[in-house]
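Notes for the structure review
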Amino acid sequence: MEECISVFDMLKIGVGPSSSHTLGPWRAAERFLAELRAKGLLSKTERIKVDLYGSLSLTGKGHATDLAVMLGLSGQDPETIPIKNIQGIVRKIEESQEIVLGNEFTISFSFLQDIVFNRNFLPFHANGMTFTAYTATKHFSSTFYSIGGGFVVKEERANALKKNEIKCAFPYMIQNAAQLLEFATSENKMISEIVYENERSMRHDDVIHRELMRIWETMLECMYIGCHSEGILPGGLNVRRRAFDMHQNLIGLANYTNPQQWLESIRGTEVKFRQILKWVSCFALAVNEVNAALGRVVTAPTNGSAGVIPAVMMYYLVIENHQAGEKEIKQFLMVAGEIGSIFKKGSTISAAMGGCQAEIGVSSAMAAAALCEVMGGSPAQVLMAAEIAMEHHLGMTCDPIAGLVQIPCIERNTMGAIKAINAAELAMETDPRNAKVPLDKVVDTMWQTARDMNTKYKETSEGGLAVAVNMADC
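To keep things clear, this report deals only with the structure shown in the data block. In this numbering scheme, every chain counts its residues from 1 along its sequence in written order. A pLDDT threshold of at least 70 governs which residues receive local features in this predicted model, and a stricter bar of 80 or more applies before side-chain atom pairs are shown or counted, although totals over entire chains, interfaces and linings include all residues. By convention in this description, side-chain values take in all heavy atoms of the structure and omit both hydrogens and water.

The terminal C-alpha atoms of helix α18 (residues 409–428) lie 29 Å apart, and with 20 residues this matches the ideal 28 Å at 1.5 Å per residue to within 8%. Here the term buried applies to any residue with accessible area under 20% of the maximum for its type, exposed to any over 50%, and partly exposed to those in between, with areas from a 1.4 Å probe on protein chains only. Strands are runs of DSSP state E lasting at least 2 residues, helices are runs of H or I lasting at least 4, and numbering of each runs from the N terminus. Along α18, the residues classified as buried are C409, I410, R412, N413, T414, G416, A417, A420, I421, A423, A424 and A427. At its buried positions, α18 is contacted by α12 (276–292), α13 (308–320), α16 (360–374) and α17 (379–391). By definition here, a helix of n residues has an expected span of 1.5 Å times n minus one. By definition in these notes, contact holds between two residues if any of their heavy atoms fall within 4.5 Å.

Each Phe, Tyr or Trp ring (for Trp, its six-membered ring) is paired with any other whose centre lies within 6.5 Å, and the angle between the two planes then decides the class: stacked below 30 degrees, edge-to-face above 60, tilted in between. Under the criterion given, the structure shown has 9 aromatic pairs. For the ring pair Y172 and F183, a centre distance of 5.1 Å and an interplane angle of 65° mean the geometry is edge-to-face. One end of the pair, Y172, is in the loop between α6 (155–162) and α7 (177–186); the other, F183, is in helix α7, with 11 residues separating them in the sequence. Take Y172: its relative accessible area is 12%, and that puts it in the buried class. Take F183: its relative accessible area is 23%, and that puts it in the partly exposed class.

With that out of the way, let us pick up the pairing of strand β1 (residues 12–15). Across the two faces of β1 the burial is the same, with K12 and G14 and I13 and V15 all buried. The pairing of β1 with strand β9 (residues 296–299) spans 4 bridges and is classified as antiparallel. Within β9, the residue paired with G14 across the bridge is V297. In this analysis, strands are considered paired if DSSP registers two or more bridges between them.

Here we come to the nonpolar core. Residues belong to one nonpolar core when they are buried, are Ala, Val, Leu, Ile, Met, Phe, Trp, Tyr or Cys, and are joined through side-chain atoms within 4.5 Å. Ranked by size, the top nonpolar core spans 113 residues in total, and within it W216, W262, M314 and I339 carry the most contacts. Beyond its immediate stretch of four places on either side in the chain, I339 contacts A365, M366, A369, L383, A386 and L439. Formed by 37 residues, the second largest nonpolar core is a distinct cluster that contains A29, V50, L73 and I86.

This brings us to the sheet that holds strand β7 (residues 139–148). One open sheet accounts for 5 strands, arranged β5-β2-β6-β7-β8; its pairing is mixed. With partners counted over all chains shown, the strands left at the sheet margins are β5 (115–118) and β8 (151–153), one partner each. On average, adjacent strands in this sheet sit at an angle of 25° to one another, irrespective of strand direction. To obtain an axis, a line is fitted to C-alpha atoms, over the contacting stretch when the element is a helix, and the angle between two such axes runs from 0 to 180 degrees between their N-to-C directions. The strands touched by helix α2 (residues 19–38) within the sheet are β2 (47–53), β6 (128–134), β7 and β8, with β7 carrying the most contacts at an inclination of about 150°.

Relative to the helices and strands, H209 resides in helix α9 (residues 205–227). Linking H209 and E230, residues 21 residues apart in sequence, is a C-alpha distance of 34 Å. If we ignore the near neighbours within four places in the chain, the residues touching H209 are E326 and K330. At 3.0 Å, the side chain of H209 and the side chain of K330 are in polar contact. Two N or O atoms count as a polar contact when they lie within 3.5 Å, although within protein this holds only if one can serve as hydrogen donor and the other as acceptor, and sequence-adjacent residues are included solely when both atoms are side-chain atoms.

Structure follows, in structure tokens:
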């Protein structure tokens, strides 16, 4: 029996550029602080050492893993920390050679010596990290694994889950797409309605509403910021932001002062047919440029693929349905989250385990399914849309140049969004009885493909474009 995976597990608010390499280590650092507090060791700690392994080590610098660890150990929260404060906090730690542990106790900390990049992989998962706290008399170590999408586990908990020692209390126990379709059919409900009943078993209606809208508002603000920010992205590749210029060319003269007014302004703009793909690309680019600049995004299901779902949602609001509001937004997010959880349970959402098919591929499937439902698709067509989207991402590698979530990652979000729209349209025009490939078969195939994929194509920057392109030439 699987652990309950909520929509709010699949769609998390965090800081870029990577959910597995930034948000995950950040959350792991927070959990380590909690363990120290529980053992009465936090106030006694004199030194902290962090060992990063495997993919966290190989691409950790480009993914700001070291920064995330320092911020987490400092007691900062990725959901609420003012983005403008990040560089100042990190700079102070580096210059003072001290860290305020848990925002309570100041200890010596050398980021060059106390964060160790180990190229070897731990056997349990490609993204392993060990935190060690030293007191005057003893030391305490704890190992965590960032398994994608900001999820962090310990090996013993993961093993307990496999042994069915951790139970799920959802009224609708869903492990795969076939079970989801069976519930939707027998209960005569849309997929979003099934998901909503599961969420209601964990939290009140007003909380569900508030948190879903907070996720959407974060997505909208992220697109707004990306469309109004110009310049060069950090990291050394000298990648110029493109969403700003594209947005200026598309929107022309318009008056607005905040993200919601911006959305209404776009909805009031006459969009020519040839501009539709440009708008979708602009929305996706905007999100992932913010992500690359250590901005706040929503993992959907990861930071590297954070632009697909917002871009497709905006397509629906701006192009397909100008009357859509909070009801459709919540519906969209719930379906997307459920499809993402099916891929997480049956395969992976970690590029370090499955390549980019696990990020852009899954996000495209999530967006396609969500779009299909809000456009009136049946539950069977919704699952077909997810299948079509993933089928055409199978085998996609993860080969970020210089370990940065920029090339080819940013553009891939535009491709994933466009494929999602196409997949939803194809599903809407297809009788599910004529479908040849069930979604669960694609999930299984994706996992088998991930297992067959050479490790160097799994977020290590040791293959593909990462070695074919010389950073000095960029």
